[in-house]
Amino acid sequence: MKSTYMAKVDEVPRKWWLIDAQGQTLGRLATQVATLVRGKHKPQFTPHIDTGDFVVVINAEKIKMSGNKMLSKNYYRHSGYFGGMKSLTAEEMVVKNPEKMILLAVKGMLPTNKLSRHLLTKVKVFEGPEHNHGAQKPEAYKLES
């Protein structure tokens, strides 16, 4: 009788991927980043174990959104005090903090548990074309169109 294969954390080979967000649609980019970080592209994928790779996203300020979402989509945060609700449109968010915009999109595509909070630390997002992970030699990833 065959038993089901369970990947072990130290047996999984890790890679570093480099993704250029210039001209990419936010949601489509986020789904592929979430797939890479979770490890669903590997044959030894195990849902409850970190089998994913590291992802470096550059040119975050050049991200696009389909339709009229740049003006109509809002990002909310609350200070915890009465009347402490703050909101930014996607257009303002691209100018103020584009890295957070991509991280929030990827976070929404991961399952809500302790593992996903760990997986989110493996996503490195940078506003411009430069990044500080050159020593890891990230390999360019071709996004599916």
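Residues numbered from 1 in each chain as written. Predicted model: local features only at pLDDT ≥ 70, side-chain atom pairs only at ≥ 80, totals over all residues. Heavy atoms only, no water.

1. Some points on the overall build of the chain
In step 1: Each helix and strand in the chain was counted, giving five helices and six strands.
In step 2: Reading the chain from its N terminus to its C terminus gives the helix and strand order β-α-β-α-β-β-α-α-α-β-β.
In step 3: With the C-alpha coordinates aligned to their principal axes, the bounding extent of the chain is approximately 60 × 35 × 30 Å.
In step 4: By residue count, 39% of the 145 residues in the chain fall in the buried class.
In step 5: Of all intrachain contacts in the chain linking residues separated by at least 6 positions in sequence, the fraction that spans at least 24 positions is 67%.
In step 6: Just so you have it, the chain exposes about 9200 Å², and 55% of that area is on carbon and sulfur atoms.
In step 7: Charge-centre separation for the chain: the mean point of 23 positive side chains lies 7 Å from the mean point of 13 negative side chains. (Helix = DSSP H or I, 4+ residues; strand = E, 2+ residues; numbered from the N terminus. Buried < 20%, exposed > 50% of the residue type's maximum accessible area, 1.4 Å probe, protein only. Contact = heavy atoms within 4.5 Å. Areas by Shrake-Rupley, 256 points an atom, 1.4 Å probe, with all protein chains shown as cover. Lys, Arg positive; Asp, Glu negative; His and termini not counted. Charge placed at Lys NZ, Arg CZ, Asp CG, Glu CD.)

2. Let's talk about the sheet that holds strand S2 (residues 54-58)
In step 1: Taken together, four strands build an open sheet; the order of strands is S5-S2-S1-S6 and the sheet is parallel. The sheet terminates laterally at strand S5 (123-125) and strand S6 (139-140), the two strands that pair on one side only.
In step 2: Where strand S1 (residues 16-20) lies against S2, five bridges are found, and the strand directions are parallel. Of the residues in S2, the one forming a bridge with Trp17 is Val55. (Pairing = 2+ DSSP bridges.)

3. Regarding the pairing of strand S4 (residues 85-89)
In step 1: Relative to S4, strand S3 (residues 74-78) runs antiparallel, the two being bridged by five bridges. Considered in S4, the bridge of Tyr76 is made with Ser87.
In step 2: Where S3 hands over to S4, the hairpin turn is made up of six residues, of which Gly80 adopts a positive phi near 100°.

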